[in-house]
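Chain and residue survey
What follows is the residue order along each chain.
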Amino acid sequence: MADLKGKSLLGLQGVTKENIELILRSARKMKAIVNSGDKKLPLLHGKSVVNMFWEPSTRTRGSFEMAAKYLDADVINFTPSGSSIVKGESFRDTLLTVTAMGVDAIVMRHKMEGSPRLADSYVDPVIVNAGDGAHEHPTQALLDMYTINEVKGGIKGLKVVIVGDIDHSRVARSGIYGLKTLGADVHLVGPRTLLQPELASMGISIHYNLDEALEGADVVNVLRIQKERQGVGFFPGTGEYTSLYGINRKRLEQAKKDVLVLHPGPMNRGLEIEPDVCYWEQSSIQEQVKNGVCVRMAVLYLTIIGGDESGISR
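Residues numbered from 1 in each chain as written. Predicted model: local features only at pLDDT ≥ 70, side-chain atom pairs only at ≥ 80, totals over all residues. Heavy atoms only, no water.

The name given to the chain in an unreviewed UniProt entry is Aspartate carbamoyltransferase, and the organism recorded there is Megasphaera micronuciformis F0359. The UniProt entry for the chain carries the following comment under Catalytic activity (unreviewed entry): "carbamoyl phosphate + L-aspartate = N-carbamoyl-L-aspartate + phosphate + H(+)". (UniProt positions renumbered as here; feature names shortened; annotations may be inferred.)

Shown next as structure tokens:
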């Protein structure tokens, strides 16, 4: 039986189909609340959530904050530059200090892979991974899956193509785990320097030719070129990358006529994606942002309170 109460969400690797579907069903009910005139639902009244972000974020941090507030939780936003970390306090001691204040959940983004799992071994509150290095970003993958399911009516059997900087993408890894669990046919495409062939062992298809990968695609998820995680020499220049792997309307003619385009944001317009695709009617990039709030509401509710979607009501 699907049950997430008291369980940290550290990634989607190993998360069951039943639990993923529970989150998506709960997010659907949360979206009805967000779309209503009164967005407040006191399911987390008396609970507290701390957002601990060691890396910059607009969408993830903002949507977790809105999600907690819509559920009537108390929220504290933590940044290293405004904390005792600048005085030399350790990662573990910082977590223990925050926990001693009585928090119920810690939402964490950190540049180090595995940091949420380490945090989960140190303290008792639920830990929700908001991105750890190039490892995983589970709630981004969940909101992507929610968006696909909402537009396409299901995920099983769909050809989902993930394009771009795969090796540095925590979004790609969580997406592969989640999409495979729900029965999607997952394809990765990008330059050889940003897409290692060993990833084929995850049961997905690897391509280095974009037109080949896009043929018959139901969904195209365009990844940001992560300059902050790259060294030098992954491709000669932005012009070459765009000519070979940039997504534009002409290229998407290889995909199905009703292809859905996603992007986790922020977008490098004119590099990995052209403006004629960003604001196309078959792009759900802005809807992904709204869906992110709903999915994160569901995750906070299910991990802190537990139960199922039947408990989501006024």
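Once that is clear, we can look at the UniProt feature "binding site: carbamoyl phosphate" (unreviewed entry) in the chain. With numbering aligned to this structure, UniProt lists the feature "binding site: carbamoyl phosphate" (unreviewed entry) at R59, T60, R109, H137, Q140, G265 and P266. Within the secondary structure layout, R109 lies in strand β3 (residues 105-110). On the accessibility criterion, R109 (6% relative accessible area) is buried. Other than its neighbours up to four places away in sequence, R109 contacts M52, F53, W54, E55, P56, S57, T60, A130, G131, H137 and R170. (Helix = DSSP H or I, 4+ residues; strand = E, 2+ residues; numbered from the N terminus. Buried < 20%, exposed > 50% of the residue type's maximum accessible area, 1.4 Å probe, protein only. Contact = heavy atoms within 4.5 Å.)

All right, on to helix α8 (residues 238-245) then. Listed in full, the buried residues belonging to α8 are Y241, T242 and Y245. Along the axis of α8, the buried residues cluster in a sector spanning 100 degrees; they form a single face. (Arc of directions from axis to C-beta.)

For the rest of this paragraph, the subject is unusual backbone geometry. Along the chain, G265 connects to P266 via a cis peptide bond; the corresponding omega equals -10 degrees. Structurally, P266 is set in the loop between β9 (260-262) and α9 (275-278).

Remark: helix α1 (residues 17-34) packs on helix α10 (residues 285-304), axes separated minimally by 8 Å, with the N-to-C direction vectors making an angle of 115 degrees. The interaxial crossing formed by α1 with α10 has right-handed handedness. Here α1 contributes L22, I23, S26, A27, M30, K31 and V34 to the contact with α10, which in turn contributes E287, K290, N291, V293, C294, V295, M297, A298, V299, Y301 and L302. (Axes fitted to C-alpha atoms, helices over the stretch in contact; angles between N-to-C directions. Left-handed = near helix turned anticlockwise from the far one by under 90°.)

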